[in-house]
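The chain contents come next:
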Amino acid sequence: MAKRLKVANPARCIGCYSCMMACARTWYDTISLKNSRIDIQTRGGIETPYSQIVCHACIDPPCMRACPLGALTKRKGGGVNLNKEICDGCGNCIEACLMGAIHLDAEKKAVICKHCGVCPKFCPHDVLEMIEVEDSGEIKITDTGPAPDTSPVSSTASHKDLYGEEEHGEEK
């Protein structure tokens, strides 16, 4: 079964860049954020949330279709594999990527996530995770039964009707 990267808990991201540094160190033997295959961005300072820009492992990758030289081939589980020997740095894949998850390195070669699983291991807040997908890239569905009913007893019931006269920790 193939795996792919998923942004599971985006609100937990504190912008520590540990995931980006781990990626760059693994694939480029540097700790330059420019060489990371994922990107963490702020939307205007430390008071705004961070955005995690990652390859979404498209089932029919537009970046692959945009490459005139065939440097990108379909990856088992979705997304693409890059043949750096063929890539000429034209940038068509960058423009075609719907997520904005591709950029060029210093050698003018595409930098694209391999869904290797290094970055989630270094994320201290479980923002990123690897999920199992079918070889086609479709998300693996493990439970197809009906969801249990967790709705209140009555849509018009008051808090007292549902939980009793007193709330825990409150005195009359």
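To be clear, the structure that these remarks concern was listed above.
Each chain carries its own residue numbering, running from 1 in the written order of its sequence. With pLDDT at 70 or above as the cut-off, local features in this predicted model cover only qualifying residues; side-chain atom pairs require 80 or more to be listed or tallied, and sums for whole chains, interfaces and linings still use all residues. Side-chain calculation: all heavy atoms of the structure are included, whereas hydrogens and water are not.

**Q** If you had to explain the nonpolar core to someone new, which residues and values would you point to?
**A** Membership of the largest hydrophobic core comes to 27 residues, with the highest contact counts inside it found for L5, C19, I38, L72, I102 and L128. Helix and strand labels come from DSSP, where a helix needs a run of H or I of at least four residues and a strand needs a run of E of at least two; each type is numbered from the N terminus. Breaking this core down by element, the ones donating at least two residues are α1 (18–28) and β3 (50–53). We call two residues contacting when some pair of their heavy atoms lies within 4.5 Å. When neighbours within four sequence positions are excluded, I38 is seen to be in contact with L5, C19, M20, I53, V54, C119 and L128. Joining through side-chain atoms within 4.5 Å is the link that ties buried Ala, Val, Leu, Ile, Met, Phe, Trp, Tyr and Cys residues into a set, and such a set is a nonpolar core. For every residue, the accessible area (1.4 Å probe, protein chains only) is compared with the maximum for its type, and the residue is labelled buried under 20%, exposed over 50%, or partly exposed between those bounds.

**Q** So, the pattern of salt bridges: which residues are in play, and what are the values?
**A** Salt-bridge detection follows one rule: a side-chain nitrogen of Lys or Arg within 4 Å of a carboxyl oxygen of Asp or Glu. One pass over the structure, following the stated rule, counts three salt bridges. In this structure, D60 engages R65 in a salt bridge whose closest nitrogen and oxygen atoms are separated by 3.0 Å. The exposed category is assigned to R65, whose relative accessible area is 53%. Across the salt bridge formed by K84 and D105, the nearest N and O atoms sit 3.0 Å from each other. Remark: D105 occurs in the loop between β6 (103–104) and β7 (110–111) and K84 occurs in the loop between β5 (80–82) and α3 (92–96); sequence separation between them is 21 residues.

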